[in-house]
Amino acid sequence: MAYRFAPAVESMPRARLAALQLKRLRQTVKNAYENVPLHRKRMRKTGIEPGDIRSLEDLARLPFTVKSDLRDHYPFGMFARPRAQLARGYTLKDIATWSDLMARSMACAGVRPGDVVHNAYGYGLFTGGLGTHYGAERLGATVVPMSGGATERQIVLIQDFGARVLCATPSYALAIAEVAEKEGVDLRRSKLKIGIFGAEPWSEAMRREIQARLGLKAIDLYGLSEILGPGVASECVEAQAGLHGWEDHFIFEVIDPLSGKPVAEGAQGELVITTLTKEALPMLRYRTRDITRLSTERCACGRSHLRIKRITGRNDDMLIIRGVNVYPSQVEAALVGMPDVAPHYQLVVERKGAMDHLTVEIEIAPASAAAHATVAQAAKHQIKAMIGVTAEVVVKNPGEIPRSQGKAVRVRDLRPKAP
Ligand SMILES: [Zn+2]
């Protein structure tokens, strides 16, 4: 069996997990109520006190927290601890918890103590770099702290240090693969076996593409700075079928984004997360804007924690093109895998008269001998067939779509901003 970081917790029976959640939820609500004026004010307005939380069902009585709350109380207004007790946006205990959860997530993804982990997530205010760094060290791995950029050098060091694990955004992993191919380096023959890819939505088609070009198992990782950073949820290497959300530290809900009401298990909606152990920044029912589904169906790996299915997009990223809801990841799923199309794309949205107009910029595959017009026609047809929207397709030459070294920019929205 694959190495596990916290085997007892990871396969804890769901009834015991629920009891632990309730105990921790009560502590979290108390922490938020006593120490964060916004949470106290909102709860009083709703007519609820910490003592009213007697079961997990009572969670639904708590008000939501949204991204603008963080902006409105920037920089220190949402913290439940005085600034002097913060080491970054976390207490030291929070950083220890985060390290443990990232170590657990990475082990879940197939990383083992002693592995060489090449960390190409950006270091700095972006939590991907430091979170991965701390988690890999906690797990007992050797970290190569590369950060993003200097792609040629990344390729040299992946080979020199014999990295078994590559951590990056999926779009940057693809950029690494591309530069390596151009340089005549076959990374499929390197020691890379596992890729841990997160921080942006990506499709199954993109997974297949990355796996084929880098010769590794591509594992999805989920997290967000407002909640913890990376390590909120991770796919398991055994099943690669949805992200195990660590329920001893978080409660996951999916709601209808319009009504705010919880949806039935398995139905699509907006992911809402409540933290259970965060000291510095407790979050009650934080609306992530990420669109997904939850499943408590038993996983082949034996872990009991629920699975968050692939994030299909962010509410903010959703485009409405002549009445059809479109996520960039749907366009990605439609295009990646077409033989004449390289897996790089950008969506340009403009307003023409009263109508939204979508242009999809794609790149012809370097080895393709097809005419641009033929490829454009095929891509247009594919997008119409799979998403139901008519888009103009512009085919560019290899290398003309900008490459990301971190989070990819998938949409250029040129529509006039609402006043
Ligand atoms: Zn699993």
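Structure: see above.
Residues numbered from 1 in each chain as written. Predicted model: local features only at pLDDT ≥ 70, side-chain atom pairs only at ≥ 80, totals over all residues. Heavy atoms only, no water.

> I'd like to hear about the coordination of the zinc ion, residue by residue, with values.
Within the protein, the atoms that donate to the zinc ion are Cys 236 (SG), His 244 (NE2), Cys 299 (SG) and Cys 301 (SG), at distances of 2.1 to 2.3 Å. Read in sequence order, the donor residues coordinating the zinc ion give the pattern C-x7-H-x54-C-x1-C. Of the two residues, Cys 236 is situated in the loop between β6 (229-235) and β7 (243-245) and Cys 299 in the loop between β11 (294-295) and β12 (307-308); the sequence distance between them amounts to 63 residues. For the pair shown, Cys 236 and Cys 299 are each scored as buried. (Donors = N, O, S within 2.8 Å, 3.2 Å for Na, K, Ca; no water. Helix = DSSP H or I, 4+ residues; strand = E, 2+ residues; numbered from the N terminus. Buried < 20%, exposed > 50% of the residue type's maximum accessible area, 1.4 Å probe, protein only.)

> Now, about empty space enclosed by the protein: what can you tell me, with residues and values included?
In total, this model carries two cavities of 30 Å³ or more according to the counting rule given. Approximately 50 Å³ is the volume attributed to the largest cavity. What lines the largest cavity is Leu 38, His 39, Arg 42, Met 43, Pro 63, Phe 64, Thr 65 and Leu 284. Across the lining of the largest cavity, the residue classes tally to five nonpolar, two polar and one charged. Taken as a whole, the second largest cavity encloses approximately 30 Å³ of empty space. (1 Å grid on protein atoms, 1.4 Å probe; cavity = no way out; pocket = protein on both sides within 12 Å on 5 of 7 lines; lining within 4 Å. Points joined across faces, edges and corners; volume = space filled by probe spheres on them. Nonpolar A, V, L, I, M, F, W, Y, C, P; charged D, E, K, R; others polar.)

> Which residues make up the nonpolar core, and what values do they have?
Core analysis: the biggest nonpolar cluster contains 56 residues, and Met 106, Ile 196, Tyr 222, Ile 227, Phe 252, Ile 273 and Ile 308 have the highest contact counts within it. At the level of elements, α5 (92-108), α6 (127-139), β3 (165-168), β4 (194-198), β5 (217-224), β6, β8 (250-255) and β9 (269-275) are the ones that each hand at least two residues to this core. Top element by residues in this core is α5. It accounts for eight residues. The contact partners of Ile 227, leaving out residues within four places of it in the chain, are Val 232, Phe 250, Ile 273, Thr 275, Lys 278, Met 283 and Tyr 286. Listed in part, the 30 residues of the second largest apolar core include Ala 168, Tyr 172, Phe 197 and Trp 202. (Core = buried A, V, L, I, M, F, W, Y, C linked by side-chain atoms within 4.5 Å. Contact = heavy atoms within 4.5 Å.)

> Would you mind going over the sheet that holds strand β16 (residues 341-352) in detail, with residue names and values included?
Ordered in space as β18-β17-β16-β19, the four strands form an open sheet in which the pairing is mixed. This sheet does not close on itself; its edge strands, each paired only once, are β18 (392-396) and β19 (411-413). Taken over all neighbouring pairs, the strand axes of this sheet differ in orientation by 20 degrees on average, direction set aside. The pairing of β16 with strand β17 (residues 355-364) spans ten bridges and is classified as antiparallel. (Pairing = 2+ DSSP bridges. Axes fitted to C-alpha atoms, helices over the stretch in contact; angles between N-to-C directions.)

> Outline the layout of surface pockets, supporting the account with residue identities and numerical values.
Its volume calculated, the largest pocket comes out at about 850 Å³. Every residue lining the largest pocket is counted, 39 residues in all, and those nearest its centre are Ala 199, Glu 200, Pro 201, Arg 314 and Lys 407. Mapped by element, the contributors of at least two residues to the lining of the largest pocket are α6, β5, β6, β13 (313-314), α10 (328-335) and β19. Here the lining of the largest pocket is built from residues that sort into 17 nonpolar, eight polar and 14 charged. The volume enclosed by the second largest pocket comes to roughly 730 Å³. Counting only elements with at least two residues in the lining of the second largest pocket, the list comes to α4 (67-72) and α6. Per-element tally for the lining of the second largest pocket: the top contributor is α4, with three residues. Looking at side-chain class alone, the lining of the second largest pocket contains eleven nonpolar, six polar and five charged residues.

> Summarise the pairing of β9; cite the residues concerned and give the values.
Buried residues dominate β9, accounting for seven of its seven residues. Looking at chain direction, β8 and β9 are connected through six bridges and run antiparallel. Counted as the bridge partner of Glu 253 is Val 272 from β9. Across four bridges, β9 lies against strand β10 (residues 286-292) in antiparallel orientation. Bridge pairing in β10 places Glu 270 opposite Ile 291.

> Break down the sheet that holds β13 for me, citing the residues and quoting the values.
Taken together, the four strands give an open sheet; going across it, the order is β8-β9-β10-β13, and neighbouring strands pair in antiparallel fashion. Strands at the two margins of the open sheet, each flanked by one partner only, are β8 and β13.

> Can you lay out unusual backbone geometry for me, pointing to particular residues and giving the numbers?
Between Tyr 74 and the following residue, Pro 75, the backbone shows a cis peptide bond with an omega angle of 0 degrees. Within the secondary structure, Pro 75 sits in the loop between α4 and α5. The backbone of Gln 240 sits at a positive phi, close to 45 degrees, despite the residue not being glycine. Structurally, the position occupied by Gln 240 is in the loop between β6 and β7. Here Gln 240 falls in the buried class, since its relative accessible area comes to 19%. With a phi close to 45 degrees, Arg 285 is a non-glycine residue in the positive phi region. Counting through the fold element by element, Arg 285 comes out in the loop between β9 and β10.

> Can you tell me about helix α8 (residues 170-182), naming the residues and giving the values?
Under the 1.5 Å per step criterion, the end-to-end length of α8 is 19 Å for 13 residues, consistent within 8% with the ideal 18 Å. Those residues of α8 that sit buried are Pro 170, Ser 171, Tyr 172, Ala 173, Leu 174, Ala 175, Ile 176, Ala 177, Glu 178, Val 179 and Ala 180. Residues of α8 that are buried make contact with α7 (151-160), β3, β4, α9 (204-214) and β16. Of the residues trailing α8, Gly 184 is marked for its positive phi of about 75 degrees. (Expected span 1.5 Å × (residues − 1).)

> Outline the packing of aromatic side chains, supporting the account with residue identities and numerical values.
For the structure shown, the criterion picks out five aromatic pairs. Centroid distance Phe 76 to Phe 79: 6.4 Å. Interplanar angle 45 degrees. Geometry classified as tilted. On the basis of relative accessibility, which here comes to 16%, the residue Phe 79 falls in the buried class. Judged by centre distance (5.9 Å) and plane angle (85 degrees), the ring pair of Phe 197 and Trp 202 falls under edge-to-face. Owing to a relative accessible area of 2%, Trp 202 belongs among the buried residues under this scheme. Sitting above the plane of the Trp 202 ring, Arg 310 keeps its charged end 4.6 Å from the centroid. (Phe/Tyr/Trp six-rings, centres within 6.5 Å; stacked < 30°, edge-to-face > 60°. Lys NZ or Arg CZ within 6 Å of the ring centre and 35° of its normal.)

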